[in-house]
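One-letter residues, chain by chain:
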Amino acid sequence: MPNRLPLFPLGSVLFPGLAMPLRVFEDRYRELVEDLLALPADEPRAFGVLGIELGHEVGELSADQLSAVGCVVEITDVQRDEEGGFDLVVTGTGRFQVRELLPPDSAHAYLRAVTDPLPDEVGAGADELCERAIRLFSLYCERLNGIGVVAEPPEEFPAKALQVSYSVSGAMIVDQSDKQALLEAEHAAARLELVCDLLRRENRVLSSLRLLPAGRFLRHEVNLN
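Scoring rules and cut-offs
Residues numbered from 1 in each chain as written. Predicted model: local features only at pLDDT ≥ 70, side-chain atom pairs only at ≥ 80, totals over all residues. Heavy atoms only, no water. Helix = DSSP H or I, 4+ residues; strand = E, 2+ residues; numbered from the N terminus. Buried < 20%, exposed > 50% of the residue type's maximum accessible area, 1.4 Å probe, protein only. Contact = heavy atoms within 4.5 Å. Areas by Shrake-Rupley, 256 points an atom, 1.4 Å probe, with all protein chains shown as cover. 1 Å grid on protein atoms, 1.4 Å probe; cavity = no way out; pocket = protein on both sides within 12 Å on 5 of 7 lines; lining within 4 Å. Points joined across faces, edges and corners; volume = space filled by probe spheres on them. Axes fitted to C-alpha atoms, helices over the stretch in contact; angles between N-to-C directions. Left-handed = near helix turned anticlockwise from the far one by under 90°. Nonpolar A, V, L, I, M, F, W, Y, C, P; charged D, E, K, R; others polar. Arc of directions from axis to C-beta. Pairing = 2+ DSSP bridges. Core = buried A, V, L, I, M, F, W, Y, C linked by side-chain atoms within 4.5 Å.

Novice: Is there a simple way to think about the overall build of the protein chain in this case?
Specialist: The helix and strand tally for the protein chain stands at five helices and eight strands. Counting all 225 residues of the protein chain, 44% fall into the buried class. Here the contacts in the protein chain between residues at least 6 apart in sequence split such that 67% fall between residues at least 24 apart. Taken as a whole, the protein chain presents about 12000 Å² of accessible surface, with 50% of it coming from carbon and sulfur.

Pasting the structure below:
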């Protein structure tokens, strides 16, 4: 069933099952958090994180400036600062697709959307692709460490292919457009296939990095937690 969801446009992509810290200081998003905190205790404090397309400034955003698929998140920790802003920790719970964008109005200063939940299917061949992705990701971490980027694969990966598809997608240092394509993948198998393609590409780059600028890798850490 479609659902009306408050939106938090962001210049990055979040995946279900992963956590992200958010600093909230703009008035409209302070209002969003206040509205969620005012909900009854048994209602989820959920909103949608939706990617801002590259090349656009944050401001009055239109539908063509926002990705069509985002991640529903729930607030798992909130701290109010002395200036009235919030430090949040949010955790992704599922994917959604925007059906209709609802602009700000007199009752809501922030964007909302009518959204449809997207299913989390596994897809054919996911387990084999999962094993391949884990091998490539381990090599990826090894090569990142070789150029001074802290990257430690977990001692134990998630047990399910769906969770691996999301956790590895979130951990890779790739462009936002690549992350968005991973989020939008039809099912875990398709996502893992794209993960493998991207990891092969990144591993080739890292293997010859002595001849290439390393700017986009600096000050990054890779973490599956």
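Novice: Help me out: how do you make sense of the layout of surface pockets in this one?
Specialist: Any space left empty among the atoms is revealed by the rolling of a water-sized probe across them. Its boundaries defined by the atoms lining it, the second largest pocket holds a volume of some 310 Å³. If you trace the second largest pocket, you find 18 residues lining it, with Asn3, Leu5, Pro6, Ala46 and Val72 closest to the centre. Listing elements by their share of the lining of the second largest pocket, those giving two or more residues are strand S1 (3-10), helix H1 (27-37), strand S5 (86-102) and strand S6 (112-118).

Novice: How should the packing of helix H3 (residues 161-171) against helix H5 (residues 188-207) be read in this particular structure?
Specialist: Each pair of packed helices gets described by two things: the angle between the helix axes and the distance between those axes. At a minimum axis distance of 9 Å, the contact between H3 and H5 shows a crossing angle of 40 degrees. With respect to the hand of their crossing, H3 and H5 are arranged in left-handed fashion. Between H3, through Ala161, Leu162, Val164, Ser165, Tyr166, Val168 and Ser169, and H5, the contact on the second element is made entirely by Ala188, Arg191, Leu192, Val195 and Leu199. For the contact of H3 with H5, the class distribution of residues is nine nonpolar, two polar and one charged.

Novice: Looking at this structure, how should I read H1?
Specialist: Each α-helix winds once per 3.6 residues, and so residues spaced three or four apart point in a common direction. Of the positions making up H1, those classed as buried are Arg28, Tyr29, Leu32, Val33 and Leu36. Seen from one end, H1 has its buried residues packed into an arc of 145 degrees, which puts them on one side. Close packing links the buried residues of H1 with S1, strand S2 (19-24), strand S3 (46-51), strand S4 (69-80) and S5.

Novice: Please explain the pairing of S5 as it appears in this structure.
Specialist: Looking along a regular strand, one sees side chains alternate from face to face of the sheet. Both S2 and S5 contribute to a ladder of six bridges, which runs antiparallel. Across the sheet, Pro21 pairs through a bridge with Val89, a residue of S5. Bridging between S4 and S5 involves eleven bridges; their strand directions are antiparallel. Counted as the bridge partner of Glu74 is Thr91 from S5. Relative to S6, S5 is paired through seven bridges, and the arrangement is antiparallel. Note on S6: the bridge partner recorded for Arg95 is Leu118.

Novice: Just checking my understanding: could you explain the nonpolar core for this structure?
Specialist: Soluble, globular proteins show a tendency: their nonpolar side chains are buried together. Phe47, Leu88, Val90 and Met172 are the most contacted members of the largest nonpolar core, which has 55 residues in total. Tallying contributions element by element places helix H2 (residues 126-146) first for this core, with nine residues. Among the nonpolar cores identified, the runner-up in size contains ten residues, and Leu5, Leu50, Ile52 and Ala113 belong to it.

Novice: What is the right way to read the environment of Thr91 from this model?
Specialist: Residue placement: Thr91 occurs in strand S5. Exposure remark for Thr91: the relative accessible area of 23% places this residue in the partly exposed category. When the C-alpha positions of Thr91 and Ala19 are compared, they lie 4.2 Å apart, and in sequence the two are 72 residues distant.

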